[in-house]
Amino acid sequence: MKAKTTPYLLVLPAWIWLAIFFVVPICGMLSVSLMTGNVLDGFTQTFHVANYAEAIDRYWRQILRSLAYGACATALCVAIGYPVAAWIAFRGGRHKTTYLLLLLLPFFVSQVLRTISWRFLLADDGVLLGPLKSIGLLPEDAHVLSTPLAVVTGLAYSHLPFMVLPIYAVLERVDHRVVEAARDLYATRAQAFLRVVLPMSLPGVFAGVLMVFVPTSADYVNASLLGGTGTTMIGNVIQSQYLVNNDYPMAAAITFVLMALLLAGIFGYARALGTERVMEVRA
Amino acid sequence: MATSTHEGPAPHPPTTAREGPAAIGLEGVVKTYRSGQETVAAVRGIDLAVHQGEFFSLLGPSGCGKTTTMRMIAGFEEPTSGTVRLAGRDVTGVPPDRRDVNMVFQSYALFPHMSVADNVAFGLRRKNVPKDEVRRRVGEALDLVELSGLHRRRPGRLSGGQQQRVALARALVNRPGALLLDEPLGALDLKLRQAMQIELKRIQREVGITFVYVTHDQSEALTMSDRIAVMNEGVVEQLGPPAQIYERPASRFVAGFIGTSNLLSGTVTTGVGEYARVEFDGIGHVLVRTDQTSGSAVDVTVRPEKVHIGADEPAPGMSRLRGTVGEVVYLGASTHYTVVLANGAEVVVFRQNSSDASNAAERGDQVWLSWRPDHSYALPR
Ligand SMILES: Nc1ncnc2c1ncn2[C@@H]1O[C@H](COP(=O)(O)OP(=O)(O)OP(=O)(O)O)[C@@H](O)[C@H]1O
Ligand SMILES: [Mg+2]
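Note that the structure is predicted; figures quoted are calculated from it, not measured.

Asks: Give a description of the UniProt feature "domain: ABC transporter" (unreviewed entry) in chain B that names residues and reports values.
Replies: Annotation from UniProt places "domain: ABC transporter" (unreviewed entry) at residues 24-258 of chain B. End-to-end, the C-alpha atoms of residues 24-258 of chain B are 25 Å apart, and along that stretch the chain is 36% helix and 28% strand.

Asks: Hey, could you go over the nonpolar core for me, with residue numbers and the actual values?
Replies: The biggest cluster of nonpolar side chains holds 69 residues, and the ones touching the most others in it are B:Ile24, B:Leu58, B:Phe111 and B:Leu180. Looking at this core element by element, the count peaks at ten residues for helix α6 (residues 148-173) of chain A. Sequence-distant contacts of B:Leu180, that is, excluding residues within four places in its chain, are made with B:Ile24, B:Met70, B:Ile73, B:Ala74, B:Val101, B:Asn102, B:Met103, B:Val104 and B:Val212. Counting residues in each nonpolar core, the second largest holds 38 residues, with B:Val104, B:Val116, B:Ile203 and B:Tyr213 among its members.

Asks: With reference to specific residues and values, describe the packing of aromatic side chains.
Replies: Counted according to the given criterion, the structure contains 13 aromatic pairs over all chains. Judged by centre distance (4.9 Å) and plane angle (15 degrees), the rings of A:Phe206 and A:Tyr269 are stacked. Remark: A:Tyr269 occurs in helix α11 (residues 248-273) and A:Phe206 occurs in helix α8 (residues 189-217); sequence separation between them is 63 residues. Among the residues examined, A:Phe206 registers a relative accessible area of 14% and is labelled buried. Owing to a relative accessible area of 22%, A:Tyr269 belongs among the partly exposed residues under this scheme. Ring plane angle 40 degrees and centroid distance 5.5 Å describe the contact between B:Phe55 and B:Tyr213, whose orientation is recorded as tilted. One end of the pair, B:Phe55, is in strand β3 (residues 55-59); the other, B:Tyr213, is in strand β8 (residues 210-215), with 158 residues separating them in the sequence. Like B:Phe55, the residue B:Tyr213 is buried in the burial classification. Taken together, the ring pairs in this structure connect A:Phe43, A:Tyr242 and A:Tyr248 into an aromatic cluster. For B:Arg170, the ring lying beneath its charged end belongs to B:Phe111, and the centroid distance is 4.7 Å.

Asks: Outline the site of ligand 1, supporting the account with residue identities and numerical values.
Replies: All names here are of chain B. As a matter of local geometry, ligand 1 sits amid Tyr-33, Val-40, Ala-42, Ser-62, Gly-63, Cys-64, Gly-65, Lys-66, Thr-67, Thr-68, Glu-183 and His-216. At 2.7 Å, a backbone N or O of Gly-63 approaches an oxygen atom of ligand 1. At 3.0 Å, a backbone N or O of Gly-65 approaches an oxygen atom of ligand 1. For ligand 1, whose accessible area on its own is 630 Å², the fraction buried by protein is 63%. Counting residues per element, the ones that place at least two in the shell around ligand 1 are β2 (38-50) and α1 (66-74). Looking at which element gives the most residues to the shell around ligand 1, the answer is α1, with three residues. Taken together, the residues of the shell around ligand 1 break down into four nonpolar, six polar and two charged.

Asks: Tell me about the pairing of strand β1 (residues 24-35) of chain B, and name the residues and values.
Replies: If a strand is regular, its side chains alternate between the two faces of the sheet. All names here are of chain B. Bridge count between β1 and strand β4 (residues 81-86): five bridges; the pairing is antiparallel. For Val-30, the partnering residue across the bridge sits in β4 and is Ser-81. Both β1 and β2 contribute to a ladder of ten bridges, which runs antiparallel. If you follow Arg-34 over to β2, its bridge partner there is Thr-39. A loop of two residues connects β1 with β2, the two strands running antiparallel in sequence, and Gly-36 in this loop sits at a positive phi of about 65 degrees.

Asks: Describe the domain arrangement of chain B, with residues and values.
Replies: Residues and elements named next belong to chain B. Examined at the domain level, chain B breaks down into domain 1 (24-253) and domain 2 (262-380). Taking the mean C-alpha position of each, domain 1 and domain 2 sit 40 Å from one another. Here domain 1 meets domain 2 over a buried area of about 840 Å², counting both sides, of which 48% is carbon and sulfur. The tally of links between domain 1 and domain 2 comes to two salt bridges. Across the pair Arg-252 and Asp-299 runs a salt bridge, and its minimum N-O distance is 2.2 Å. Counting every contact that joins domain 1 to domain 2 gives four residue pairs in polar contact (both at pLDDT 80 or more). The dominant element in the side of domain 1 that touches domain 2, judged by the number of residues it contributes, is helix α7 (residues 242-247), at three residues. Looking at the side of domain 1 that touches domain 2 residue by residue, the class counts come to four nonpolar, one polar and three charged.

Cut-offs used in this document
- Residues numbered from 1 in each chain as written.
- Chains lettered and ligands numbered in written order.
- Predicted model: local features only at pLDDT ≥ 70, side-chain atom pairs only at ≥ 80, totals over all residues.
- Heavy atoms only, no water.
- UniProt positions renumbered as here; feature names shortened; annotations may be inferred.
- Helix = DSSP H or I, 4+ residues; strand = E, 2+ residues; numbered from the N terminus.
- Core = buried A, V, L, I, M, F, W, Y, C linked by side-chain atoms within 4.5 Å.
- Buried < 20%, exposed > 50% of the residue type's maximum accessible area, 1.4 Å probe, protein only.
- Contact = heavy atoms within 4.5 Å.
- Phe/Tyr/Trp six-rings, centres within 6.5 Å; stacked < 30°, edge-to-face > 60°.
- Lys NZ or Arg CZ within 6 Å of the ring centre and 35° of its normal.
- Near = heavy atom within 4 Å.
- Polar contact = N/O pair within 3.5 Å; in protein donor to acceptor, adjacent residues only side chain to side chain.
- Areas by Shrake-Rupley, 256 points an atom, 1.4 Å probe, with all protein chains shown as cover.
- Nonpolar A, V, L, I, M, F, W, Y, C, P; charged D, E, K, R; others polar.
- Pairing = 2+ DSSP bridges.
- Domains from an automatic or database assignment.
- Buried area = accessible area lost by both parts, 1.4 Å probe.
- Salt bridge = Lys/Arg side-chain N within 4 Å of Asp/Glu carboxyl O.

Written out as structure tokens, the structure reads:
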């Protein structure tokens, strides 16, 4: 009897942790999202479901924009992160850990500072655009800051390691002899990669996409520091509803709409590309 | 999915007359690895020709360069110098996907994300074989290795022996000019290993494809091969059929590596016809067939089962030595004796325990050891 309960007792602290820091706040937020009132007179619980309708009605543009920016940033991360991960895994030799550390090095600096330094990089006469303009490659009035491009590249930059690390982890474990077997069975280098290495690394890509898409679509730092009025993301809306307008029920309702959308997306994605299926990708 | 009527891939006619070029030819092949400052000479110069349809083994101790040799044939490594030929064509510099040989890896190296059928079909699909033919040939190949019915399984859900068969089918299905097997049974337990040896031999006979088989297990090489190349430290020490390798080892290394051998140090004194007289320090002399000139130091080798042990004086014409029985180990079907000679050298004798085993020697007995002169050879020392 005792032996049977021991494992449960061992995970008990974890459950208590989850209950206090995840379930309780979520329930609290859920309750807030159904309240009415204002910050001066106080909020009362009225089970006002219409908060949700209003949230969607007023902010669907920002929600869609956030998902789109998240998707673009994720795609960019895959496009840049996969080759980086592959290079470190296959060509890194003895210095693999050094390269990984270099990749993570910028992230020892606070995200706000990092993003602000991007403002200098992308400024209209900054180190990037200035020279290009002076040699006439870009028109004088070209600008990147405050555009979706700035926000998306900023998002991609700040989440790149979350893509590289899981892809690296699977590529590192791909047995080189399997690649040799493919080459032996008349596959060219490109075919060996497409038919063997890529399918075997899909679980890593799958994990990386989740780890980048979810935080990027809920991000607000990049949009507020690199974006402009036309690039407001849902994270910025939540932040201003909460901290500026003090409309707590609205902020909570938007949060749940976003959460619901992301969860639905994740489940859909997992079903379409679940690990079972990922492993079954046909040659 | 699989056709139930199994005809098997078209077998080669049994080739005794070897027309045409060798399936595989190595000419002065050298491979040196550089790792930092030091260079490792993995293969120091190999010349050999593997005939069409032959079961050819590379046998040698760990680190003697077997895998390196195979990898140069398959195209994963390029020789530092020398030429590799496949069916007469110089393939030096040709990448593995354009060489008509297939490899069976020791670790199998199956594609974990594909079903058994997709694994086996991989090579055919790369060669753009029509769909119907792919399906038919995959079915045949899986029948051949007795895995029909497991088409849809993942390699991860197969036993070691089954994975081994998939790896074999995956290579065989392409009907390559030669199949390269690098210790394919190394990961299997003894019983399965012995079963697979018989199986491999059957499959090779059925398909008639040239097999090059790497092993460091001498009994495996002796039982399966048509010819064996015994390798040591990057060179081929001896190449020949199993019986010749076993009966007439060409070097001290081969004699010691294959089976148990007695080696007695002596000196060639005079020639007696095609035989030479080898003198042992203080214990007499024997006659041995050798091409060593008089005065040269040699090791006389004789297999333990060729030595007769007894109390009676041997018949005239037999090589003979006298000694004292040391250890006697009874093994059921046979008994192993260790006999100590007057100069301290030891001779091991295997004796079958047949029904007429009346006068078995015992520990401490003075005995005569004898053998036919043509059962012993003198190796240069
Ligand atoms: N890539 C490499 N770099 C440096 N040295 C190597 C390399 N591959 C093999 N060697 C060396 O070459 C020699 C022959 O190696 P090889 O793998 O051919 O031996 P083997 O006969 O297959 O041995 P085993 O029976 O243990 O598999 C060894 O001394 C080995 O250390
Ligand atoms: Mg080896």
